[in-house]
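The chain contents come next:
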Amino acid sequence: MTELKNSQGSPALQRPSPRERLILALDFPSADQAFDLIQRLEGCCQWFKVGLELYLSAGNHLVQALKDLGFSVFLDLKLHDIPNTVAGAVRSVSKLGADLLTVHAGGGLAMLQAAREAASCPNAPKLLAVTVLTSMDASQLAAVGVSGSPAEQVLRLANIAHTAGITGLVCSPEEAARMRRALPGSLLVTPGIRPAGADTGDQKRIATPAAALAAGADYLVVGRPITQAPDPAKAAQQILLEMASVGLPG
Ligand code: C5P
């Protein structure tokens, strides 16, 4: 399995390279379109995220094909159900060899503990707890009954995940610095990445690749700024260059 690294506190020589810290979201309706994009990237990405759209259409074969090609796979299924059901789903998915798998922190402590126990078998993916979706702002949170700020809610959910033994967290880059201070050993994965001037789409809590890294993110998830670019390889290279330009605390 790919070694997953918390980038903070690592000596400079051991710090993962930008290419090892960029996760490309393959949000496509078919395996053909996903592999077409991968070919156009000319080898600049090592990590691919398979979300519900692609997983429900191309399934386990696609995950296995990506692994057979030597790529690292983030299976973003955002599991959220009763503990017994989530534990079973984690066990089923563990056979695939994916490197990362998401569960929703909002499922609560018992669900997260059940997921973590189910993920203790040898080939299981490392779990990431999704805190507050990057597409939600304070007013959307308030509308579903959450009165605190997104940052407060992210921290609340991250602490529950931490108590359950899940130290990989998905948050927006806006909360990364606070999370890094509160939970220094956690692996922080941040979607909501938008290079300067890029279309924000449905994302609300966003930052540039450089700002996200400087705030303490370990991995950046990027989709449309690369997949919808006229030249995806060039867009990815620009993001990698921006990531390389960030002087991280040593
Ligand atoms: O295209 P874009 O860069 O907005 O894609 C972001 C990706 O990250 C999407 O695949 C989305 O499902 C995922 N994601 C997210 N916010 C989260 C967790 C995952 O945007 N909190």
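What you are looking at is a predicted structure, and each value in this text was computed from that prediction instead of being measured.

Parameters and conventions
- Residues numbered from 1 in each chain as written.
- Predicted model: local features only at pLDDT ≥ 70, side-chain atom pairs only at ≥ 80, totals over all residues.
- Heavy atoms only, no water.
- Helix = DSSP H or I, 4+ residues; strand = E, 2+ residues; numbered from the N terminus.
- Rg over C-alpha atoms; globule rule 2.2 N^0.38 Å.
- Buried < 20%, exposed > 50% of the residue type's maximum accessible area, 1.4 Å probe, protein only.
- Contact = heavy atoms within 4.5 Å.
- Lys, Arg positive; Asp, Glu negative; His and termini not counted.
- Charge placed at Lys NZ, Arg CZ, Asp CG, Glu CD.
- Pairing = 2+ DSSP bridges.
- Right-handed = clockwise from strand over helix to strand, strands pointing away.
- Core = buried A, V, L, I, M, F, W, Y, C linked by side-chain atoms within 4.5 Å.
- Arc of directions from axis to C-beta.
- Near = heavy atom within 4 Å.
- Polar contact = N/O pair within 3.5 Å; in protein donor to acceptor, adjacent residues only side chain to side chain.
- 1 Å grid on protein atoms, 1.4 Å probe; cavity = no way out; pocket = protein on both sides within 12 Å on 5 of 7 lines; lining within 4 Å.
- Sits in = over half its atoms within 2 Å of the grid points.
- Points joined across faces, edges and corners; volume = space filled by probe spheres on them.

Q: Help me understand the overall build of the protein in this model?
A: Helices and strands together make up the secondary structure of the protein, namely 11 helices and 8 strands. A globule of 250 residues ought to have a C-alpha radius of gyration of about 18 Å, and the protein, at 17 Å, matches this closely. The principal-axis extent of the C-alpha atoms belonging to the protein is close to 45 × 40 × 35 Å. Looking at the 250 residues of the protein, the share that counts as buried comes to 53%. A separation of at least 24 residues holds for 70% of the contacts in the protein among residues at least 6 apart in sequence. Counting 21 positive and 21 negative side-chain charges, the protein places the centres of these two groups 6 Å from one another.

Q: I keep staring at the pairing of strand β5 (residues 126-130) and nothing clicks. Help me out?
A: Within a regular beta strand, the side chains point alternately toward one face of the sheet and then the other, so they alternate between its two faces. Buried residues dominate β5, accounting for 4 of its 5 residues. In the sheet, strand β4 (residues 100-104) pairs with β5 via 5 bridges, with the strands oriented parallel. Paired with T102 across the bridge in β5 is L128. The parallel pair β4 and β5 is bridged by helix α5 (residues 109-118), and the resulting crossover is right-handed. Pairing of β5 with strand β6 (residues 168-170) involves 3 bridges; the strand directions are parallel. Looking at β6, one finds that L128 is bridged to G168.

Q: For this particular structure, what's the right way to read the nonpolar core?
A: A general trend in soluble globular proteins is that nonpolar side chains are found buried together. Formed by 75 residues in total, the largest nonpolar core has its most connected members in L26, L41, F48, L66, L75 and I226. One finds I23, W47, L100 and V221 within the second-largest nonpolar core, a separate group that totals 13 residues.

Q: Whenever I open this one, helix α2 (residues 31-40) confuses me. Can you help?
A: Spacing of three or four residues puts side chains on the same side of an α-helix, whose turn is 3.6 residues. Here α2 has its buried residues at A34, L37 and I38. The buried residues of α2 occupy an angular sector of 100° when projected down its axis, which confines them to one face. Pointing more than 90 degrees away from the buried face of α2 are the exposed residues D32 and Q39. In this structure, the buried side of α2 is in contact with β1 (22-25), β2 (47-51), α3 (52-68), α10 (224-227) and α11 (232-244). Positive backbone phi, at 50°, marks E42, one or two positions downstream of α2.

Q: Before we go on, may I ask you to explain the site of the ligand in this structure?
A: Taken together, 17 residues lie near the ligand, and D27, K49, T134, R194 and R224 sit nearest. T134 is positioned with one of its side-chain polar atoms (N or O) 2.7 Å from a nitrogen atom of the ligand. Using a 2 Å cut-off from the grid points, one finds that the ligand occupies the largest pocket. Those elements that provide at least two residues to the shell around the ligand are β3 (72-79), β8 (219-222) and α10.

Q: I would appreciate a short explanation of the layout of surface pockets in the present structure.
A: Any empty space left between atoms is shown by rolling a water-sized probe over those atoms. One number sums up the size of the largest pocket: a volume of about 580 Å³. Forming the walls of the largest pocket are 31 residues, and the residues nearest its centre are D27, K49, D76, K78 and Q203. At the level of elements, β2, β3, β8 and α10 are the ones that each hand at least two residues to the lining of the largest pocket.

Q: What is the right way to look at the environment of A129 in this model?
A: With respect to the helices and strands, A129 occurs in strand β5. Judged by its relative accessible area of 0%, A129 falls in the buried class. Measuring from C-alpha to C-alpha, the distance between A129 and L157 comes to 8.4 Å, with 28 residues separating the pair along the chain.

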